[in-house]
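Listed below are the residues making up each chain.
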2 protein chains.
Amino acid sequence: MNLKELSAKLNLSPTTVSRALNGYPEVKEETRRRVLAAASRYDYSPNARAQGLATGRSQAIGHVIPLSTKHEMVNPIFGDFIAGAGETYSSHGYEMLISVVEDDRAEDAYRSLKRRGVVDGIILHGPRMEDSRIPLLQELGLPFVVHGRASGLPQDYSWLDVNNRRAFQRATDFLLDLGHRRIALINGLETMDFAARRRAGFETALTARGLKADPALEVSGEMTEAMGHSSALALLDRPMPPTAFLVSSMVSAMGVRRALEDRGLRMGVDVSVITHDDALSYFTGGDDVPLFTSTRSSVREAGRQVAQMLIDRIDSPDAPPRQVLMEAELTVGRSTGPAPTE
Amino acid sequence: MNLKELSAKLNLSPTTVSRALNGYPEVKEETRRRVLAAASRYDYSPNARAQGLATGRSQAIGHVIPLSTKHEMVNPIFGDFIAGAGETYSSHGYEMLISVVEDDRAEDAYRSLKRRGVVDGIILHGPRMEDSRIPLLQELGLPFVVHGRASGLPQDYSWLDVNNRRAFQRATDFLLDLGHRRIALINGLETMDFAARRRAGFETALTARGLKADPALEVSGEMTEAMGHSSALALLDRPMPPTAFLVSSMVSAMGVRRALEDRGLRMGVDVSVITHDDALSYFTGGDDVPLFTSTRSSVREAGRQVAQMLIDRIDSPDAPPRQVLMEAELTVGRSTGPAPTE
DNA sequence: GACTCGGCCCAAAGCGCTTTGAGTGAATAA
DNA sequence: TTATTCACTCAAAGCGCTTTGGGCCGAGTC
């Protein structure tokens, strides 16, 4: 069933039917009701491509995901973020379009999406420092919102980020208050902006107490379970091992935890661990007192909000960019305790 | 730049330019070269919506993801599956369209995708037993491939599945060979088809040795870390606790492992654990001998193949449906050992 | 020389919608 | 009464592409 057929059934012109369906005021209420009834009776919805061609919009939002295993995106948080964003999209009549591309072809992907008119806007994931995709998107004139943000760019653009710096600073303070002095940082890849900010927070807290960050206690890499495990083992086997670990992801933290067991150490007693927790649906829940003390921030909620920001931006392209900083909660679990006396 | 403008620059008709671009034989080689050169020079690509409207195709594949936390899809494997499928799509010029919907509106979502002509095909995730979405998609005439399969349906449709039954049967045999007799099963939600098959494999292996499955040792639920943990604790605290666990997912297995530690038991010595491992990028790797003995099957590879099957199906809709059964590898790690003598 | 036949190329229709610009009849105002 | 407005409705153009159905021209055939 298409518009023409439907309007024939109604003895109306396609014009009127289209207007009735789209809520234009020029059509009599009674007529509108008739049209709506017929549409649902004949199970009609407008063809999205035709509608898009006529309006110049696609009602779709693009997410470009680089394929490389190096990238931090095809990872546990992906599903939750998408779920959050998807909620917002579907309540606003947008589709989510995901483009998986070779690592070095991300920019081409943006260009292509724009040229072919496939999407009305873009959500940018996993920004690196001085990320070149941001000026590119501005140049293309494609509305976008960044999940995270990129240091070192003069441009003004919309983003939503967790206050990573503050979160890790607080977590470090918490450990310092417990008497820990040798704290290890197991961070994400520090080309990623969030990782750099976390490290800054960590080091700021140390400096504020007159301590100096020990580079030997700072590790950065892709946040896998294995990486957490091997890094922690190496650190624990040092002559002066850390008494606490600050870890950038739940998955790596599980690796750290495994390393502690391997060395016969009790988490929360012999060694403390704080991790960042993205509140993933399948890791949380259950216990009254969580396993890990963590800096917690729901990536699903972030998805919802970023999507909403982008839709707003598409609706009013001339509004000034917006920035949102979400604060992470410092949630106390069973993985932290006073530093052991030496 | 659109077709008309480009053809004006070339002093050719839009017809010829379109044909040149799409590789039709009616155009002189030299002309085609000129067109191609101009297209790349002026950075032209056809507008996807217009192309779609004219051809009746959208060059997009739909994935409908129910939103409920109950569902097994917004979960760790999602990212990896999508990455695999996305690879295939982008090499064939398809976009991936993800629709996140309320749990009970999945069928509407399919109808709507079809009506509005948004996608050329569908990948069906997380089939339940006698899943009603399968007949629906057939009725709609929308090409589709199921990741997994659904028992109890008479229809013939395309699917790709892991041989879950065989995998769990082999894993159980492996444990039985090690002398284990009280084996617990920590399964996914058994409304899910794969979970039912895994249980069947488990019970078949037991029966083949004249043992009877003990319902008290079988748990099923959403595969979270917390669920693995609490289920395992409950089982370990029984008067006759299991000496081995067969677990349906890596995440739950980590919970099981935590429960073992809580009870001071050594995994692989006091208690054996086998888990299914979807070969997620962030959980594997690193160690020479993996932590868990597992039935392993790459969900990313599954994504690649399912996508390819669907594209083939779209290209030749009259070909008979295809079924692919992937065998899982039984990979020996450090989590299994002989049953302790009582 | 007339005729066919490829090889190339083009005009125009059509995909299904939105939107502009106009028209109609009825109600109100002058 | 005539003019003006208002509330509805419609015809037609246009979005950017593909595709059908020719058309033209030069080469080959008889």
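Please refer to the structure placed before this passage.
Note that this is a predicted model, so its numbers are computed, not measured. (Residues numbered from 1 in each chain as written. Chains lettered and ligands numbered in written order. Predicted model: local features only at pLDDT ≥ 70, side-chain atom pairs only at ≥ 80, totals over all residues. Heavy atoms only, no water.)

Here we look at the side chain of Glu218(A)
Residues and elements named next belong to chain A.
Move 1: Along the polypeptide, Glu218 turns up in strand β7 (residues 218–220).
Move 2: Assessed through its relative accessible area of 16%, Glu218 is described here as buried.
Move 3: Polar side-chain contacts of Glu218 include one of 2.6 Å to the side chain of Arg199.
Move 4: Residues contacting Glu218, with those up to four places away along its chain left out, are Leu185, Arg199, Phe202, Glu203 and Ala213. (Helix = DSSP H or I, 4+ residues; strand = E, 2+ residues; numbered from the N terminus. Buried < 20%, exposed > 50% of the residue type's maximum accessible area, 1.4 Å probe, protein only. Polar contact = N/O pair within 3.5 Å; in protein donor to acceptor, adjacent residues only side chain to side chain. Contact = heavy atoms within 4.5 Å.)

Here's the deal with the protein's contact with DNA strand D
Move 1: In the vicinity of DNA strand D there are 26 residues, among which Arg19(A), Leu3(B), Ser18(B), Arg19(B) and Tyr24(B) approach most closely.
Move 2: Protein-proximal atoms of DNA strand D, defined as those within 4 Å of the protein, fall in sugar or phosphate at a share of 58%.
Move 3: Contacts to DNA strand D include Ser13(A), whose backbone N or O atom sits 2.7 Å from a phosphate oxygen.
Move 4: Interatomic distance of 3.4 Å between a backbone N/O atom of Lys28(A) and a phosphate oxygen of DNA strand D.
Move 5: For the surface near DNA strand D, the element with the highest residue contribution is helix α4 (residues 48–55) of chain B, accounting for 4 residues.
Move 6: Across the surface near DNA strand D, the residue classes tally to 10 nonpolar, 12 polar and 4 charged. (Near = heavy atom within 4 Å. Nonpolar A, V, L, I, M, F, W, Y, C, P; charged D, E, K, R; others polar.)

Some points on the interface of chain B and chain A
Move 1: At the junction of the two partners, chain B supplies 56 residues and chain A supplies 56 residues.
Move 2: Of the roughly 4800 Å² buried between chain B and chain A, counting both surfaces, carbon and sulfur atoms make up 57%.
Move 3: At the boundary of chain B and chain A, one finds 6 salt bridges.
Move 4: Between Arg257(B) and Glu261(A) there is a salt bridge, with its nearest N and O atoms 2.5 Å apart.
Move 5: In this structure, the connection of chain B to chain A is made through 18 residue pairs in polar contact (both at pLDDT 80 or more). (Buried area = accessible area lost by both parts, 1.4 Å probe. Salt bridge = Lys/Arg side-chain N within 4 Å of Asp/Glu carboxyl O.)

Topic: the packing of aromatic side chains
Move 1: On inspection of all chains with the given rule, the structure shows 3 aromatic pairs over all chains.
Move 2: With 5.8 Å between their ring centres and 15° between their planes, Phe78(A) and Phe78(B) make a pair best called stacked. Here Phe78(B) lies in helix α5 (residues 76–91) and Phe78(A) lies in helix α5 (residues 76–91), a pairing that spans two chains. Neither residue differs from the other here; Phe78(A) and Phe78(B) are each classed as buried.
Move 3: Seen from their ring centres, Phe144(A) and Tyr157(A) are 6.4 Å apart, and the 25° between their planes marks the pair as stacked. (Phe/Tyr/Trp six-rings, centres within 6.5 Å; stacked < 30°, edge-to-face > 60°.)

Looking at the sheet that holds strand β12 (residues 329–331) of chain A
Residues and elements named next belong to chain A.
Move 1: Taking strand neighbours across the sheet as the criterion, the 6 strands line up as β7-β6-β8-β9-β10-β12 in an open arrangement whose pairing is mixed. Of all strands in the sheet, those bounded by a partner on one side alone are β7 and β12. Neighbour to neighbour, the strand axes of the sheet diverge by 15° on average, direction disregarded.
Move 2: In the sheet, strand β9 (residues 272–277) pairs with strand β10 (residues 293–296) via 4 bridges, with the strands oriented parallel. In the strand pairing of β10, His276 is matched with Thr295.
Move 3: Contacts from helix α9 (residues 193–208) reach β6 (183–187), β7, β8 (244–247) and β9 within the one sheet, and its direction differs from that of β6 by about 170°.
Move 4: On top of the sheet, helix α10 (residues 225–236) reaches β6, β7 and β8; it is set at about 155° to β6, its chief contact. (Pairing = 2+ DSSP bridges. Axes fitted to C-alpha atoms, helices over the stretch in contact; angles between N-to-C directions.)

Read these as geometric descriptors, not functional statements.
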